[in-house]
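# Examining the three-dimensional arrangement
What follows is the residue order along each chain.
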Amino acid sequence: MKTKGAGPMVKTINNPSAHVHRFAHPNVHYTVADSLMRYAEFLGYGDLHIKIDEKTGLKAIVAVHNLNRGPAIGGCRLATYQTIDKAMEDALRLGYMMSYKAAINNLPHGGGKAVLIKPRVIKDRDAYFEKFGEFVNELGGRYITAVDSGTSPLEMDIIARRTPYVTCTTKSGIDSDPSPLTALGVRRALEAAVKFKLGRDSLEGVHVAIQGAGHVGYHLAKGLKALGAKLTVADVNLKALQRCIEEFEVNVCHPDEIYDIEADVFAPCALGAVLNRDTIKRLKTKIVAGAANNQLAHHHYGTILLERGILYAPDFLINAGGLIHVAVIYDHGDMNRSLEQINNIYHTVYDIFERSAHEHIATNDIAEKIAKDRLG
């Protein structure tokens, strides 16, 4: 069968150079920097600040995503990165996430993140973090720094010598591990989901399959067990798994089998992007509520969960306990107010569940719209 005009089409397909006219700049070879800039634009940034200090070895990136609700707040991460672009991508992604966490939980802050590219040796730790403090101070309050992976209240104390725009110092009384507070927010969201989906006011006998027994997973298991929940836990870290077995008498399974466990709730508390087409098909739970970031491998998978009748508690809303705590302590210095706001995650997520059921829209879509509206 011949198709009219097929000759030129075949010629074009067989000649890759014929496609050149599709590009606005045929002679330009796009770089990693171009990709990062497009990524920043896609996320709706914002500021990106870089500081290099040869004397101390400081190579710092501060990503300020949004300031419409107030100064950006987010942790200071000290980590090893193979390439500078990976560090910048991390800062951009995490700062963006902080904005959404702050907005959906109604904090008077935008989101930001500091990434310090860890040198092989930090010769003078005090000088290193003092220099970072000076960098934060130069930003004039646009960014408030806090504890994150690789840093502790001791480093925040050093930073505080050079800037007031810091929280999580030893004077603030904040523990270096935010995991218990993150776990508290996740547990309250899980309780809201159980109430909404199962009609139960108690977690007594509710079966929760926890993926990941690390810092947050451990504290979540501890809180759930205290309320009478039945637990099945999986983790590649056998030491972390053994700790849960000894302390909580949990059931365990192979990490890949956690998706197949017949339970009331699946709680992802390890890696992101664990909910994809294949794993969602395998789920035998009515609720997904966990602490991991970016649980959905694709935004659309929230709709697939909805269509399958699985209630999804949006991750960036329910795992924001640590952020809420440092923000409230910085703004008000009030531990009770912090706990009250973390506990309020229950009501925030319950309202989203009701709206999702009424409008038949995925919970993550609703949560993201609320956050975007609040970010202006």
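In what follows, the accompanying structure is described. (Residues numbered from 1 in each chain as written. Predicted model: local features only at pLDDT ≥ 70, side-chain atom pairs only at ≥ 80, totals over all residues. Heavy atoms only, no water.)

### Re the nonpolar core
- If you look at the biggest cluster of nonpolar residues, it comprises 90 residues, and the most contacted ones within it are Leu116, Phe132, Val208, Ile210, Leu224, Leu231 and Ile318.
- Here this core takes nine residues from helix H6 (residues 179-198), the largest share from any one element.
- Counting 19 residues, the second largest nonpolar core, distinct from the first, contains Cys253, Ile261, Leu283 and Ile310. (Core = buried A, V, L, I, M, F, W, Y, C linked by side-chain atoms within 4.5 Å. Buried < 20%, exposed > 50% of the residue type's maximum accessible area, 1.4 Å probe, protein only. Helix = DSSP H or I, 4+ residues; strand = E, 2+ residues; numbered from the N terminus.)

### A look at the environment of leucine 48
- As for its position among the elements, leucine 48 is in strand E1 (residues 47-53).
- Here leucine 48 falls in the partly exposed class, since its relative accessible area comes to 36%.
- On a C-alpha basis, the gap between leucine 48 and histidine 299 in space is 25 Å, while along the polypeptide they are 251 residues apart.
- Not counting chain neighbours up to four residues away, the residues in contact with leucine 48 comprise Ile61, Val62, Ala63, Met88 and Leu92. (Contact = heavy atoms within 4.5 Å.)

### Some remarks on the pairing of strand E2 (residues 58-64)
- Of all seven residues that make up E2, six are buried, and the element is covered over most of its length.
- Connecting E1 to the antiparallel partner E2 that follows it, the hairpin turn spans four residues, and glycine 57 within it adopts a positive phi of roughly 85°. (Pairing = 2+ DSSP bridges.)

### What about unusual backbone geometry?
- For the peptide bond that leads from tyrosine 45 to glycine 46, omega is 10°, which places it in the cis range.
- Structurally, glycine 46 is set in the loop between helix H2 (32-43) and E1.
- The residue glutamate 249 is not glycine, and still its phi comes out positive at about 55°.
- For glutamate 249, the location among the structural elements is in the loop between helix H8 (238-248) and strand E8 (251-252).
- Overall, the relative accessible area of 67% leaves glutamate 249 in the exposed class.

### Examining the sheet that holds strand E7 (residues 230-234)
- Ordered in space as E8-E7-E6-E9-E10-E11, the six strands form an open sheet in which the pairing is parallel. Looking at which strands have only one partner, the edges of the open sheet turn out to be E8 and strand E11 (311-312).
- With four bridges connecting them, strand E6 (residues 207-211) and strand E9 (residues 265-268) associate as parallel partners. Of the residues in E9, the one forming a bridge with glutamine 211 is proline 268.

### Regarding the packing of aromatic side chains
- Scanning all chains against the criterion turns up nine aromatic pairs.
- Pairing tyrosine 100 with phenylalanine 316 gives two aromatic rings, centres 5.6 Å apart and planes at 75°, and the pair type is edge-to-face. Pair noted here: tyrosine 100 is in helix H3 (residues 84-104) and phenylalanine 316 is in helix H11 (residues 315-318), with a separation of 216 residues, a long-range link. The pair formed by tyrosine 100 and phenylalanine 316 is uniform in burial state, with each residue classed as buried.
- Measuring from ring centre to ring centre gives 5.6 Å for tyrosine 259 and phenylalanine 266, while their planes differ by 55°; the resulting arrangement is tilted. We note that tyrosine 259, like phenylalanine 266, is buried.
- Through successive ring pairs, a cluster of aromatic residues spans Phe196, Tyr346, Tyr350 and Phe353. (Phe/Tyr/Trp six-rings, centres within 6.5 Å; stacked < 30°, edge-to-face > 60°.)

### Focus: the layout of surface pockets
- Roughly 1,200 Å³ of internal volume is contained in the largest pocket.
- Arg77, Asp148, Pro178, Thr182 and Asn293 are the residues nearest the centre of the largest pocket, which is lined by 44 residues in total.
- Only strand E3 (72-79), H3, strand E5 (143-147), H6, helix H7 (215-226) and helix H12 (321-332) provide two or more residues apiece to the lining of the largest pocket.
- The wall of the second largest pocket is formed by 20 residues, among which Tyr96, Asn294, Leu296, His299 and Glu368 lie closest to the centre.
- Put simply, the parts of the chain that give the lining of the second largest pocket at least two residues each are H2, H3, H11 and helix H15 (363-375). (1 Å grid on protein atoms, 1.4 Å probe; cavity = no way out; pocket = protein on both sides within 12 Å on 5 of 7 lines; lining within 4 Å. Points joined across faces, edges and corners; volume = space filled by probe spheres on them.)

Any functional reading would require information beyond the geometric quantities listed.
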